[in-house]
Amino acid sequence: MARTLIIGNKNYSSWSLRPWIAMRVAGIGFDEIVIPLYEPGSRERALTYSPTGKVPALADDDIRVWESLAILDHLADIVPQAGLWPSDARARAHARAVAAEMHSGFAALRRHCPMNMWRPPKTRELTAEATAEVARVEVIWTDCRTRFGKDGPFLFGAFGAADAMYAPVVSRFHTYGVQVGPVAQAYMAAIMALPAWQEWRAAALVEPWVIQQCEVDWPAVPRERPPGGG
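Asker: Before we move on, can you summarise the overall build of the protein with the specific residues and values?
Answerer: Assigned secondary structure in the protein consists of 9 helices and 4 strands. Listing each helix as α and each strand as β along the protein from the N terminus yields β-α-β-α-β-β-α-α-α-α-α-α-α. Its C-alpha atoms give the protein a radius of gyration of 17 Å, near enough to 17 Å, the size a compact globule of 230 residues would have. Considering only C-alpha atoms, the protein reaches an extent of 45 × 45 × 35 Å along its principal axes. A burial count over the protein gives 51% of its 230 residues as buried. Of the contacts made within the protein by residues no fewer than 6 positions apart, 69% connect residues no fewer than 24 positions apart. On the protein, roughly 10400 Å² of surface is accessible, and the fraction owed to carbon and sulfur atoms is 55%.

As structure tokens, this is what we get:
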């Protein structure tokens with residue numbers, strides 16, 4: 001099977017965004033299959049690509065990889081010229097650590113601020129747990145930018161796997177009006193200016209599927225209009 005990334009809804013699937021944006025920015029060619037989340041038959045379809053029945057998953061010839069961070073590691077192995085991890089050993093170790101922290105943590109932020117790209121930006125009051133996790137994210141971003149980011153606008157200068165892992169957090173902070181300092185604001189602006197980000201978001205805005213548990217304003221479903229007002 002040609003290299004194919006199996007993903008969920010672009011409006012909601014934060015885990016799918018991670019390998020997708022990494023591959024787009026790095027110029028790694030792939031086909032995509034969208035399996036909308038929580039629809040009848042969705043899990044059964046996903047099981048044909050991943051033993052967990054979840055997305056994302058990568059089919060790369062006869063190789064199958066699931067879990068976002070594992071996909072990023074696989075891509076770094078097979079396309080080393082993409083530079084998904086920093087070449088400097090110290091920076092690379094730090095990038096792996098903060099990427100793994102994102103992969104395993106921040107449950108309160110995920111619950112309270114689900115990714116929702118079509119929701120017009122509007123401040124949402126945070127829980128104490130989510131507030132603490134926002135503060136930790138800002139520390140991570142500021143520390144990485146200060147120590148390792150002198151050669152570009154991203155966490156380790158050039159865009160890489162760590163940025164892909166935090167891209168959905170940028171979306172969450174933007175959607176829910178989360179206040180951060182100037183270093184984090186500049187980092188968010190750099191991520192959202194990426195053509196790959198704009199491509200993903202444009203597709204998200206026109207998707208038909210609505211997931212109630214991801215709509216914090218339910219029963220209202222406020223939606224930004226796609227470019228051109230369609």
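Asker: Provide a residue-level description of the packing of helix H4 (residues 89-104) against helix H7 (residues 161-175), including the pertinent values.
Answerer: Following both chains from N to C, one finds H4 and H7 inclined at 35°, their axes separated by 9 Å at the closest point. When the axes of H4 and H7 are compared, the crossing they make is left-handed. Between H4 and H7, the residues in contact are Ala95, Val98, Ala99, Met102 and His103 and Ala162, Met165, Tyr166 and Val169, respectively. Taken together, the residues of the contact of H4 with H7 break down into 8 nonpolar, 1 polar and no charged.

Asker: Give me the lowdown on the nonpolar core, citing residues and values where you can.
Answerer: Ranked by internal contacts, the top residues of the largest apolar core, which has 62 residues, are Ile21, Trp141, Phe156, Tyr166, Phe173, Ile191 and Trp197. If one sorts the elements of this core by residue count, H7 sits on top with 9 residues. Residues contacting Phe173, with those up to four places away along its chain left out, are Leu109, Val134, Val137, Trp141, Val178, Val180 and Met188.

Asker: How would you explain the pairing of strand E3 (residues 57-60) if you had to name every residue and give the values?
Answerer: Neither face of E3 is exposed, since Ala57 and Ala59 on one face and Leu58 and Asp60 on the opposite face are all buried. Across 3 bridges, strand E1 (residues 4-7) lies against E3 in antiparallel orientation. Bridging from a neighbouring strand, Leu5 pairs with Leu58 of E3. As paired elements, E3 and strand E4 (residues 63-66) share 4 bridges and run antiparallel to each other. Looking at E4, one finds that Ala59 is bridged to Arg64. In this structure, the hairpin formed by E3 and E4 is closed by a connection of 2 residues, where Asp61 is found at a positive phi of approximately 55°.

Asker: How would you explain the sheet that holds E3 if you had to name every residue and give the values?
Answerer: Here 4 strands make up an open sheet; going across it, the order is E2-E1-E3-E4 and the pairing mixed. Two strands in the sheet have a free side with no partner beyond their single neighbour: strand E2 (31-34) and E4. Between one strand axis and the next, the sheet turns through 20° on average, direction left out of account. Contacts from helix H1 (residues 14-26) reach E1, E2 and E3 within the one sheet, and its direction differs from that of E1 by about 150°. Its contacts with the sheet place helix H3 (residues 68-78) against E1, E3 and E4, and it is angled at close to 135° to E4.

Asker: Outline helix H8 (residues 182-192), supporting the account with residue identities and numerical values.
Answerer: Turning to H8, its buried residues are Ala184, Tyr187, Met188, Ala190 and Ile191. The buried residues of H8 occupy an angular sector of 160° when the element is viewed end-on, so they sit on one face. Turning to H8, the residues buried within the fold contact helix H6 (128-148), H7 and helix H9 (195-205).

Asker: Explain the packing of H7 against H8 to me, using residue names and the numbers behind them.
Answerer: In contact at an axis separation of 10 Å, H7 and H8 are set at 105° when each is read in the N-to-C sense. As far as their axial angle goes, H8 and H7 are roughly perpendicular. Residue-level contacts link Asp163, Tyr166, Ala167, Val170, Phe173 and His174 of H7 to Tyr187, Met188, Ile191 and Met192 of H8. Looking at the contact of H7 with H8 residue by residue, the classes come out as 8 nonpolar, 1 polar and 1 charged.

What counts, and where the lines are drawn
Residues numbered from 1 in each chain as written. Predicted model: local features only at pLDDT ≥ 70, side-chain atom pairs only at ≥ 80, totals over all residues. Heavy atoms only, no water. Helix = DSSP H or I, 4+ residues; strand = E, 2+ residues; numbered from the N terminus. Rg over C-alpha atoms; globule rule 2.2 N^0.38 Å. Buried < 20%, exposed > 50% of the residue type's maximum accessible area, 1.4 Å probe, protein only. Contact = heavy atoms within 4.5 Å. Areas by Shrake-Rupley, 256 points an atom, 1.4 Å probe, with all protein chains shown as cover. Axes fitted to C-alpha atoms, helices over the stretch in contact; angles between N-to-C directions. Left-handed = near helix turned anticlockwise from the far one by under 90°. Nonpolar A, V, L, I, M, F, W, Y, C, P; charged D, E, K, R; others polar. Core = buried A, V, L, I, M, F, W, Y, C linked by side-chain atoms within 4.5 Å. Pairing = 2+ DSSP bridges. Arc of directions from axis to C-beta. Parallel < 35°, antiparallel > 145°, perpendicular 65-115°, else oblique.

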